[in-house]
Each structure stands twice: as C-alpha cells, then as structure tokens.
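Letter by letter, the chains look like this.
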Amino acid sequence: MIELGFAVRPRDVAAVSARLFAAGAGAVEEREGPTLVVWVESESAAKALICAAGVEVTRRALDPSWQTEWLRHLGPVALTQRIVLQPTGNATKVPRGKRRLWFAPDQAFGDGSHATTRLAARATERLCRELSPARVLDVGTGNGVLALVAAISCRGRVLGLDVDPAALGAARKNATKNRLSDRCKFSRRPLAQVRGRFDLVLANIEAWVLLELAGDLARVTAPAGHLVLSGLLCERGDELLARLRAEGLSEVGRDEEDGWLGLVLRPSARA
Ligand SMILES: C[S@@+](CC[C@H](N)C(=O)[O-])C[C@H]1O[C@@H](n2cnc3c(N)ncnc32)[C@H](O)[C@@H]1O
C-alpha cells in the first residue's frame, strides 16, 4: 500500500479532494497542515493521483520507502513499436532495430508505465515521421518523455511546458542525457502566455485540465497542424470533443488502451 500526502493551501482543500476522488482515490483524509492523505495499491494509480492534483498542489510528500522501492523496480518499457524507454542505471540491452530513450527514475510522470503516455507517444512518433513538424509544443511535459519522442522522430524544435518545477528539472535532465537539449527546451510559462503556433501540439493531462485549456490548445495549433490529446478515460471523450469542436477542431484519429483514450485533432477548415 502506498500512502501519498498532498500539502495544499487551505482554500484548495475541497477542490483538490474532488479531483483526487475523480481520479480514483477511494478515500481522502484531511490532516493538519492541511495535508490530504490518500492510499493506493499501485505505482500507476499513485501517479494518476499526483497528476490529478495538478496546479493546486503546492508541495507533495511521498512515503520515502515507497519512493525508493518502486524506483528500484522500474525497467525498460516498449513505448512504441520502435522506441524503448529505459531508466538510467538499468543495463538491459535494447533489441536490434529499436531506439532507446533514457530517463532518470524520478517522481515526475512519464516512465511509460501508464497507458496515456504510450497512447500519446505512438501518435507523436507517427505524426513526426509522417509530417516532419518544425515546431512542436508539449503541454504538461512531465519528465519530458513526449518531447523527447518528438525530438528523435523529427528534426523540429520542441518546447515542453509544465506547472511543476520538479517535472521541468527532470525533463531538462532527460533531454541532456539523450543529447537532445539543443532542440528541446522546457518552461514553466502558462499555456495562455505562449505566443505563436505549432505544427504539432501534444497534451497528456487530466480531462478537467484539457477542458480548461481547450481554447488555448486550439489557438496554438497551426492551421495545418495537429493536436494530440491523451489523459482522459474513454467515457470522457464525447464531452471533450464537443468542447474542442466549439474551438474549431475536428477529430481525425483515435486510439484506446486500458480504457484510456488518445485523440488526434486538426483545425476544422483543413480536416
Ligand atoms: C499525465 S502527466 C503527463 C506527463 C508526460 N507528458 C507523459 O505523457 O507521460 C501531466 C503533466 O501535466 C502537468 N500539468 C497539469 N496541469 C498543467 C497545466 N495547466 N499546464 C501545464 N502542465 C500541467 C502536470 O504537472 C504533469 O506533469
């Protein structure tokens, strides 16, 4: 059993509790601080809750024994048919014909164990290889995994955004480890403040955040560009698609894994 403690601002207790419940927490206990404490049984469930807490969490405290324990058990993951995501320190040989991406085991989301990362990575690799985007934006970059997938799949420049400074530190470290830091930059800038348009926009974030960001995601997607979305359960798809249609985006592709949905959209005039 894993115990997670989220230190939140007093005014955010109700909102963050609601998000944790919506993301699958069976119980949320409020302790002094205030700290919200939840218990889960798996690493992927823990990560989903950490991600769900989103911008409202000002500090997170994980049980140290859990932190070191699960990090020690991470191994290579087949992120796409071609790309293997491998933790640094793991000596497994990559099969012939596969491309290895290194990542430092860390609390930042993106070790490939969650279906949403794999869904987004597959679409990202395919679109990068087919369309060679010159500018890629990865919103909610976590440990930078999708930004790195894009960077090894095309020659374009990639900007990764995240609200979590720890995630940005992990993303920069991983870009350096993979010798991609010349083309991958990472920033805490809110999406609303990003100017210009991108040929490929990626966002693997909780459904409620995608709904909030829908207008800005549409704004930063170039007229001939593509938007890859992941992070929502299949049953939330219609709600998000309706919102995106209102922003002028049309669905042009979808994929599913373990009940999670991956979407590809384009500005409607070009769909
Ligand atoms: C599910 S993780 C995705 C990580 C990685 N891109 C992947 O595909 O595995 C979502 C990330 O989005 C970040 N995030 C949440 N709300 C955000 C927002 N409004 N703007 C930018 N990043 C956000 C979280 O801090 C977290 O690192």
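Residues numbered from 1 in each chain as written. Predicted model: local features only at pLDDT ≥ 70, side-chain atom pairs only at ≥ 80, totals over all residues. Heavy atoms only, no water.

Trainee: Teacher, can you tell me more about the site of the ligand here?
Mentor: Surrounding the ligand, one finds 15 residues, the nearest of these being Cys 51, Thr 117, Gly 140, Asp 162 and Asn 204. Thr 141 has a polar backbone atom sitting 3.3 Å from a nitrogen atom of the ligand. Taking 610 Å² as the accessible area of the ligand by itself, protein coverage stands at 91%. (Near = heavy atom within 4 Å. Polar contact = N/O pair within 3.5 Å; in protein donor to acceptor, adjacent residues only side chain to side chain. Areas by Shrake-Rupley, 256 points an atom, 1.4 Å probe, with all protein chains shown as cover.)

Trainee: I keep staring at the packing of aromatic side chains and nothing clicks. Help me out?
Mentor: Aromatic ring pairs are reported here in terms of the distance separating the ring centres and the angle at which the planes meet. Tallied over the entire structure, the rule returns 0 aromatic pairs. Its end group placed over the ring of Trp 208, Arg 19 keeps NZ or CZ at 3.7 Å from the ring centre. The ring of Trp 102 is capped by Lys 177, whose NZ or CZ atom sits 5.4 Å from the centre of that ring. (Phe/Tyr/Trp six-rings, centres within 6.5 Å; stacked < 30°, edge-to-face > 60°. Lys NZ or Arg CZ within 6 Å of the ring centre and 35° of its normal.)

Trainee: Got a minute to help me understand the sheet that holds strand S7 (residues 99–103) in this structure?
Mentor: Across a sheet, strands are paired by hydrogen bonds formed along the backbone, either parallel or antiparallel in direction. Spatial strand order, S5-S6-S7: 3 strands in an open sheet with mixed pairing. Each of the sheet's edge strands pairs with one partner strand only, and the pair in question is strand S5 (77–78) and S7. Note that S5 and strand S6 (residues 83–87) share 2 bridges and pair antiparallel. Pairing of Ala 78 across the sheet is with Val 84, part of S6. Against the sheet, helix H5 (residues 145–153) makes contact with S6 and S7, and its axis sits at roughly 150° relative to S7, the strand it touches most. (Pairing = 2+ DSSP bridges. Helix = DSSP H or I, 4+ residues; strand = E, 2+ residues; numbered from the N terminus. Contact = heavy atoms within 4.5 Å. Axes fitted to C-alpha atoms, helices over the stretch in contact; angles between N-to-C directions.)

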